[in-house]
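Results of the structural survey
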Amino acid sequence: MKFTPGNEWSWGYSAQKDENAALILNISDDEGKRYVFTTHYTTADLRTFPQPGQAFCIEDAALLTDFQEGLYAIKVVQDEICLPLALNALACARFVKLPRPCGRMFLPFGGGSAIIRGQVVSLYTKDGGVGDFMILDDEPDGDVYRVMLLNPEWDLGSVVLRSGAMIRVPLSCICAYRSISLSRSARYA
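Residues numbered from 1 in each chain as written. Predicted model: local features only at pLDDT ≥ 70, side-chain atom pairs only at ≥ 80, totals over all residues. Heavy atoms only, no water.

For the rest of this paragraph, the subject is the packing of aromatic side chains. Applying the stated rule across the entire model yields five aromatic pairs. Among the aromatic residues, ring-to-ring pairing joins Phe106, Phe133 and Trp154 into one connected group. (Phe/Tyr/Trp six-rings, centres within 6.5 Å; stacked < 30°, edge-to-face > 60°.)

Looking at the element boundaries, Asp66 is found in helix α1 (residues 58–73). Sequence separation of Asp66 and Ser122 is 56 residues, and the distance between their C-alpha atoms is 17 Å. Dropping the residues within four chain positions of it, Asp66 is found in contact with Arg117 and Gly118. (Helix = DSSP H or I, 4+ residues; strand = E, 2+ residues; numbered from the N terminus. Contact = heavy atoms within 4.5 Å.)

Grouped together as the largest cluster of nonpolar side chains are 33 residues, with contacts concentrated most on Phe67, Leu71, Leu87 and Leu136. Residue assignment for this core shows that the elements contributing at least two residues are β2 (22–28), β3 (34–42), α1 and α2 (79–95). Per element, the largest residue contribution to this core is eleven residues, and it comes from α2. Discounting residues that sit within four places of it in the chain, Leu71 has contacts with Val76, Cys82, Leu85, Ala86, Val120, Met134 and Leu150. Of all hydrophobic cores here, the second largest spans 17 residues; its members include Val121, Leu123, Phe133 and Val147. (Core = buried A, V, L, I, M, F, W, Y, C linked by side-chain atoms within 4.5 Å. Buried < 20%, exposed > 50% of the residue type's maximum accessible area, 1.4 Å probe, protein only.)

This part is about unusual backbone geometry. Phi at Lys75 is positive, roughly 70 degrees, even though this residue is not glycine. Lys75 sits in the exposed class, given a relative accessible area of 67%.

Turning our attention to the side chain of Arg146. Of note, Arg146 is situated in strand β6 (residues 144–149). Arg146 gets classed as buried once you look at its relative accessible area, which sits at 11%. Polar side-chain contacts of Arg146 include one of 2.9 Å to the backbone oxygen of Ala93. Other than its neighbours up to four places away in sequence, Arg146 contacts Arg47, Cys92, Ala93, Leu98, Met134, Ile135, Leu136, Asp137, Met166, Ile167 and Arg168. (Polar contact = N/O pair within 3.5 Å; in protein donor to acceptor, adjacent residues only side chain to side chain.)

Turning next to the sheet that holds strand β9 (residues 166–170). With antiparallel pairing, the five strands of this open sheet are ordered in space as β9-β6-β5-β4-β10. Two strands in the sheet have a free side with no partner beyond their single neighbour: β9 and β10 (175–176). Here β6 pairs with β9 via five bridges, running antiparallel. Paired with Tyr145 across the strands is Val169, a residue of β9. Against the sheet, α2 touches β5 (130–135), β6 and β9, its axis set at about 140 degrees to β6. (Pairing = 2+ DSSP bridges. Axes fitted to C-alpha atoms, helices over the stretch in contact; angles between N-to-C directions.)

Printed below as a string of C-alpha cells:
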C-alpha cells in the first residue's frame, strides 16, 4: 500500500492507560483507506501541542519527505520500516521537548562535513557502541543538532535510549552513517 499525504491527514491524540495521551496522526493510503499512526510520544513528551484535527501542513510534508529521503539514501526502502521511522521523526522534530545537550559519552569522530536535515548519521561511544540517528534540524543551535534514534534501543550504560528518543549532540560527535568500523553494532526495528 502507498501513502501520499493529503487533506485528510491530521494530528490528534489517543487515550492511553496512564493520564498521558499518545500523539497520533490520522492518515489514509492512496486507495482512501484510513489508518491511525500512533507515534512514540505522549503529551508528557511534547513542547508544542497540535490541536486535535490539526491538518497535516506543507511544513509537515516537507519534513516527511526529507526524513524519507534520508532513509532511502542508506538503502532503507521498505515502506513498513521507512514510513514509521519518518513519521516519528516528523512528530519528534515538530512537537517533542528539547533535551539538554549531551556529548561527553560520544567520541568526537565527526569529520565536520556538511549536515542536512533528514540525513542518517552514526554516533560512537567510548566503549565501542554505535547508534544510528536522523538529523532533525536544518541549522544547528550553536553547534548542537537535534537527532532521533532510529535503532530499536541503545544501551548507553547509564541510560537506555529507545527508538524515537531525541538527544542533542555537538557537530564534532556526528559521523557519516557507519563510517567507522567497530566490532559492536546496533540494528533496525
